[in-house]
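The lines below spell out each chain.
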Amino acid sequence: MSFDDFHSTKEIRRTRKVHICEQCGRPISFGSAARAAAGKYDGNFYSIHMHIECDDAAREFAKLNDLWGEDWPWFRDMENSEFEHHAWLRVNHPIVADRLGVEKVRVA
């Protein structure tokens, strides 16, 4: 990380076009609420959009598991075997679990 790195996050009440959520990989519909982040890291600029529910789930999971910076939980790229987060998502963030295609917990 260099001294000129920065990060900014803002909430968008209504998107002006369709975006792909960085957390779940699903479309964020035109006119929907979203969270946008932009910045510069290691000399590279980035700009991303996320469903608010997906970003909230990632923030909560990061806090529970102390996953910050380069360890940030990007759910669509995470293997369940590493953190066993599928069951946690299904219980705590079912909307996000549905977007990620996490199977519903079967009750015997």
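To keep things clear, this report deals only with the structure shown in the data block. Every residue gets a number counted from 1 within its own chain, in the order that chain's sequence is written. Per-residue local features of the predicted model are confined to residues with pLDDT of at least 70, and side-chain atom pairs are confined, for both listing and counting, to 80 or more; whole-chain, interface and lining totals are unaffected and use all residues. Derived side-chain values reflect all non-hydrogen atoms in the structure, with water molecules and hydrogen atoms excluded from consideration.

Bringing helix 3 (residues 85-92) into the picture now. To sort residues, take the accessible area from a 1.4 Å probe on protein chains only and compare it with the maximum for the residue type: under 20% means buried, over 50% means exposed, and anything in between is partly exposed. A run of H or I in DSSP counts as a helix once it spans at least four residues, and a run of E counts as a strand once it spans at least two, with each numbered from the N terminus. Residues of helix 3 that are buried include every one of His-85, Trp-88, Leu-89 and Arg-90, and no others. Looking at the buried side of helix 3, the elements it contacts are helix 1 (52-65), helix 2 (80-83) and helix 4 (94-100). We call two residues in contact when some of their heavy atoms are within 4.5 Å.

For the rest of this paragraph, the subject is the sheet that holds strand 5 (residues 44-50). In this scheme, strands are said to pair when DSSP sees at least two bridges between them. Spatially, three strands are ordered 1-4-5 in an open sheet, and the strand pairing comes out antiparallel. Each edge of the open sheet is held by one strand with a lone partner, namely strand 1 (6-12) and strand 5. Averaged over neighbouring strand pairs, the angle between their axes works out to 10° when direction is ignored. Sheet topology note: the strand 1/strand 4 (residues 34-41) ladder contains seven bridges and is antiparallel. The partner of Ile-12 across the bridge, within strand 4, is Ala-34. To define axes, lines are fitted to C-alpha atoms, for helices over the stretch in contact only, and angles between the resulting N-to-C directions are given on a 0 to 180 degree scale.

The subject of this paragraph is the pattern of salt bridges. Throughout this description, the term salt bridge denotes a Lys or Arg side-chain nitrogen within 4 Å of a carboxyl oxygen of Asp or Glu. Under the counting rule described, the total for this entry stands at eight salt bridges. With its nearest N and O atoms 2.7 Å apart, the salt bridge here joins Asp-4 to Lys-40. Linking Asp-4 in the segment before strand 1 with Lys-40 in strand 4, this pair joins segments that are 36 residues apart in sequence. Here Arg-59 and Asp-55 are joined by a salt bridge, their closest N and O atoms 2.8 Å apart. Placement of the pair is Arg-59 and Asp-55 together in helix 1, with a separation of four residues, close to one helical turn. Residue Arg-59 is classed as partly exposed on the basis of its relative accessible area, which comes to 36%.

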